[in-house]
Amino acid sequence: MTVTAVFVRVASVDEVPAGTGKAVTVDGQQVALFNVNGTFYAIDDTCTHEEASLAAGAVYGEIVACPKHGSRFHLPTGRVLSLPAVVPVSTYQVKVEDGQVLLLPVPQRGRGMPHKL
Ligand code: FES
């Protein structure tokens, strides 16, 4: 049987101000949503190093720094840019309609390579 994923509303645009992140739960999966100057990105919320919420990390343009040990992740690709994490995070497709942020709960894995932008 084939299951067709559909976009799910996860937040309103106003809930995620530019330059910030917000953790949301979709299909039981914790996802971190980010607003980069009006463009929204979504990655796994849990850092691949240890248990830390990336949604709580500082955002520098298209990069988020893990709040626990500082590994940086590239939001569009999920790539790891600095140690101690070495494994990329999954990304998710996001779109905005009528002021609502919609997310496709299908992880995109393997798009990034560690340590390279
Ligand atoms: S938990 Fe994120 S870098 Fe260690």
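The rules behind the values
Residues numbered from 1 in each chain as written. Predicted model: local features only at pLDDT ≥ 70, side-chain atom pairs only at ≥ 80, totals over all residues. Helix = DSSP H or I, 4+ residues; strand = E, 2+ residues; numbered from the N terminus. Rg over C-alpha atoms; globule rule 2.2 N^0.38 Å. Buried ≥ 20, exposed ≤ 12 C-beta atoms within 10 Å, placed from the backbone. Contact = placed C-beta atoms within 7 Å. Pairing = 2+ DSSP bridges. Axes fitted to C-alpha atoms, helices over the stretch in contact; angles between N-to-C directions. UniProt positions renumbered as here; feature names shortened; annotations may be inferred.

**Q** It is not clear to me how the overall build of the protein chain should be interpreted in this structure. Could you clarify?
**A** When its secondary structure is counted, the protein chain shows zero helices and 10 strands. Written out in order from the N terminus, the α and β elements of the protein chain read β-β-β-β-β-β-β-β-β-β. Relative to the 2.2 N^0.38 estimate, which gives 13 Å for 117 residues, the radius of gyration of the protein chain is 13 Å and therefore close to what a compact globule would have. By its C-alpha atoms, the protein chain is 40 × 35 × 25 Å across when sized along the principal axes. Scored against the burial criterion, the 117 residues of the protein chain give a buried share of 31%. At a minimum sequence separation of 6, the contacts of the protein chain that also span at least 24 residues come to 44%.

**Q** How do you make sense of the sheet that holds strand β5 (residues 58–60) when you look at a structure like this?
**A** Where strands meet in a sheet, backbone hydrogen bonds hold them as pairs that are either parallel or antiparallel. Taken in spatial order, the three strands make up an open sheet running β5-β6-β7, and their pairing is antiparallel. The sheet is open, and its two edges are formed by β5 and β7 (72–74), each paired on a single side. Across this sheet, the average inter-strand angle for adjacent strands is 25 degrees, counted without regard to direction. Bridge analysis of β5 against strand β6 (residues 63–65) gives three bridges, and the strand direction is antiparallel. The residue of β6 that forms the bridge with Tyr60 is Ile63.

**Q** Please clarify how the UniProt feature "domain: Rieske" (unreviewed entry) in the protein chain should be interpreted in this entry.
**A** Per the UniProt record, "domain: Rieske" (unreviewed entry) is annotated on residues 8–103. The distance from the first to the last C-alpha atom of residues 8–103 is 5 Å, and the span holds 0% helix and 47% strand.

**Q** Any chance you could explain unusual backbone geometry here in plain terms?
**A** Note: most peptide bonds trans; most residues except glycine with negative phi. That bond from Leu83 to Pro84 is cis: its omega, 10 degrees, falls within 30 degrees of zero. Take Pro84: it is sitting in the loop between β7 and β8 (91–92). Of note, Asn37 is a non-glycine position whose phi angle comes to about 50 degrees, a positive value. The exposure class assigned to Asn37 is exposed, which follows from the 8 C-beta atoms found within 10 Å.

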